[in-house]
Amino acid sequence: MFCYQCEQTMKGEGCTKIGVCGKQPEVSDLQDLTAYVLRGLALVAREARKTGHRSEAADAYFPDALFSTLTNVNFDPDDFVRLIHDIVRFRDELKGKAEAAGQALDLPEGPATFVPAPDYAGLLDQARETGLFDYPTDDPDIRSLMHTVLFGLKGVSAYMDHAQVLGKKDQEISDFYHDALAAGWDGKPMTLEDWVGMALKTGEINLKTMKLLDAANTETYGDPVPTEVPLGHKKGKAIVVSGHDLKDLHMLLEQTRDKGITVYTHGEMIPAHGYPELKKYPHLYGNYGTAWQNQQKEFAALPGAVLMTTNCLQRILPAYTGNVFTTGRVGWPGAPHIAAKPDGTKDFTPVIERALALPGFAADEEGGSAMVGFGHKTLLGVAGKVVELVKAGKIRHFFLVGGCDGAKPGRNYYTKFVEQAPRDTVILTLACGKYRFNAMQKALGDIDGIPRLLDVGQCNDTYSAIVIASALAEAFQTDVNSLPLSLIISWYEQKAAAILLTLLFLGIKNIYLGPSLPAFLTPNVLNFLVEKYNIKPIGTPEEDLKAILG
Ligand code: SF4
Ligand code: SF3
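Keep in mind the model is a prediction, meaning the values are calculated, not measured.

Details of the overall build of the protein
For step 1, the next point in the chain: Counting its secondary structure elements, the protein contains 19 helices and 16 strands.
For step 2, the next point in the chain: Computed over the C-alpha atoms, the radius of gyration of the protein is 23 Å, within 12% of the 24 Å expected from 2.2 N^0.38 for a compact globule of 550 residues.
For step 3, the next point in the chain: In terms of overall dimensions, the protein has a C-alpha envelope of 70 × 60 × 45 Å along the principal axes.
For step 4, the next point in the chain: Per-residue burial over the protein gives 61% buried out of 550 residues.
For step 5, the next point in the chain: Considering only residue pairs separated by 6 or more positions, the protein has 75% of its internal contacts joining residues 24 or more positions apart.
For step 6, the next point in the chain: When the accessible surface of the protein is summed, it comes to about 20,700 Å², and 54% of that surface belongs to carbon and sulfur atoms.

Given below as structure tokens:
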């Protein structure tokens, strides 16, 4: 195995024996093979669409399969074996359809002609030959950008997967999967500039995908409204829903009506409390626990069941084996999985039965609260007032302090940054990194009624943040780079990589990135980003605040 797709990669270089995330080498190799066979499907799909041949089922499979390979999503080798065979079947069906119609497909040897071994051992042997260094280039900078595009596309896939379950699709996005995965594998040479262009295009497609998901979420569940979320719990039976998939939460809320069970969000699900169509369920009470890296302690202490709808899943400890259910793309060997029926619905009875069999919380417990629900609709509603406050000198600067959380001690930077930000500054936040400071909401106070800490939502709600920044730029008749706004980003997995590419596509400069820089960027690629976009690694909160505010 060799994997360096996330921030916690071993020694900042690469995981080679086992993942720091707990990923076994076989799973890592099978994930690489999954990406490899997807390139084969992409090569065929790109050719076949020239003569009007498409497979909607195959197109929907690209995000599903790639999302499964994202950090902390799926650790079950059986799932990847199934995916690999499915992808090859899609590829051959599409090839057969185009050829039957008389098209001669121009396909090079490699992923487009790959035949998977029928048995597990044979498949693993093949998987070992399709790793990140078995790419068709000897140029380390091109390889670095090829990896950047792949990892970015994994992030896009997470968002596309959520949009798809809510009925959205988009041909331009599907075509980009073909183009990006086929690029470099078709025997046609690509320059470094071509690959930079492909990386920025990945950012553009990610923006489009986040917009599609925003529409899917808000059309289905309404526009988020400011909502106070209790961080304690109520006496009684409990189900905790983690991850990002709002549809799973909605289906579970329907199925737990009148069951005497209280439903809690966890991790990246906390913004769900702000959506009118979800908050209307009285048994959706509060948020349990904190960010994903604390789950082993928190799930062990939970007298209820857990449903993991997406990342971030950590190794399931014996203390709570049987209480954690996976669904969607998430998998853990031996953990009970709730699969979707052909019509997309899911039967969560096993989760409900488990929660009812477990003792539940013995008593009510207060735990403070956090505010969510400051999406673009709400914030644009107060944009006029915000602009007035800036003009009156009451708001000096905006910070977007957002992104992933993780276990590294260096991530305290983000907590300290928020604590030390002067009282005339406003902090927008999103994604799971906010757990480092979201309970400080009340202590941070407000500026003439505008809370100083505004939770925009999940990582995909970066779309909302971009809408808000663009509206501010318009109000001040300037561009986003000239606004009194700084981006202080924490990254961990590949959705953050996709978002970073989106910000670069938009030409946003002076981003502070941490806690460390991606291992998959070579020094040359990194230099390019520093020179063109002035990306900076985070320093100390004191130094960085001083540099920004002068
Ligand atoms: Fe290592 Fe991250 Fe890859 Fe897991 S996802 S194997 S921690 S680089
Ligand atoms: Fe967090 Fe895993 Fe990235 Fe959606 S839940 S941001 S790390």
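Re the site of ligand 2
For step 1, the next point in the chain: Close contacts around ligand 2 come from His244, Glu268, Trp292, Asn311, Cys312, Cys404, Ala431, Cys432, Cys459, Tyr492 and Glu493, and that covers them all.
For step 2, the next point in the chain: In the shell around ligand 2, the residues fall into 7 nonpolar, 2 polar and 2 charged.
For step 3, the next point in the chain: Both domains that meet at the shell around ligand 2, namely domain 2 (227-357) and domain 3 (373-549), each give it at least three residues.

A look at the environment of Ile173
For step 1, the next point in the chain: By secondary structure assignment, the location of Ile173 is in helix α6 (residues 171-182).
For step 2, the next point in the chain: Classification of Ile173 as buried rests on a relative accessible area of 1%.
For step 3, the next point in the chain: Between the C-alpha atoms of Ile173 and Val156, which are 17 residues apart in sequence, the distance is 9.4 Å.
For step 4, the next point in the chain: Sequence-distant contacts of Ile173, defined by excluding residues within four places in its chain, comprise Met160, Ile205, Lys208, Thr209 and Leu212.

Section: the sheet that holds strand β16 (residues 536-537)
For step 1, the next point in the chain: One open sheet holds the 6 strands; their spatial order is β13-β10-β9-β14-β15-β16, and the pairing between them is parallel. The outermost strands of the open sheet, each flanked by one partner alone, are β13 (453-457) and β16.
For step 2, the next point in the chain: This element, helix α19 (residues 541-549), spans β9 (397-403), β14 (485-490) and β15 (512-514) of the sheet and lies at about 140° to β9.

Digging into the domain arrangement of the protein
For step 1, the next point in the chain: For the protein, the domain assignment lists domain 1 (10-220), domain 2 (227-357) and domain 3 (373-549).
For step 2, the next point in the chain: On a C-alpha basis, the centroid separation for the pair domain 2 and domain 3 is 29 Å.
For step 3, the next point in the chain: Contacts between the two partners involve 20 residues from domain 2, matched on the other side by 19 residues from domain 3.
For step 4, the next point in the chain: Summed over both sides, the interface between domain 2 and domain 3 buries roughly 1,400 Å², with carbon and sulfur atoms accounting for 56% of that surface.
For step 5, the next point in the chain: Three residues, Glu268, Trp292 and Gln293, lead the burial of domain 2 against domain 3; their summed loss comes to 36% of the area buried on that side.
For step 6, the next point in the chain: If you look at where domain 2 meets domain 3, you find 1 salt bridge.
For step 7, the next point in the chain: Between Glu228 and Lys442 there is a salt bridge, with its nearest N and O atoms 3.0 Å apart.
For step 8, the next point in the chain: For the pair domain 2 and domain 3, the interface holds 13 residue pairs in polar contact (both at pLDDT 80 or more).
For step 9, the next point in the chain: Of the residues that constitute the side of domain 2 that touches domain 3, the class distribution is 9 nonpolar, 9 polar and 2 charged.

Definitions and limits used
Residues numbered from 1 in each chain as written. Chains lettered and ligands numbered in written order. Predicted model: local features only at pLDDT ≥ 70, side-chain atom pairs only at ≥ 80, totals over all residues. Heavy atoms only, no water. Helix = DSSP H or I, 4+ residues; strand = E, 2+ residues; numbered from the N terminus. Rg over C-alpha atoms; globule rule 2.2 N^0.38 Å. Buried < 20%, exposed > 50% of the residue type's maximum accessible area, 1.4 Å probe, protein only. Contact = heavy atoms within 4.5 Å. Areas by Shrake-Rupley, 256 points an atom, 1.4 Å probe, with all protein chains shown as cover. Near = heavy atom within 4 Å. Nonpolar A, V, L, I, M, F, W, Y, C, P; charged D, E, K, R; others polar. Domains from an automatic or database assignment. Pairing = 2+ DSSP bridges. Axes fitted to C-alpha atoms, helices over the stretch in contact; angles between N-to-C directions. Buried area = accessible area lost by both parts, 1.4 Å probe. Salt bridge = Lys/Arg side-chain N within 4 Å of Asp/Glu carboxyl O. Polar contact = N/O pair within 3.5 Å; in protein donor to acceptor, adjacent residues only side chain to side chain.

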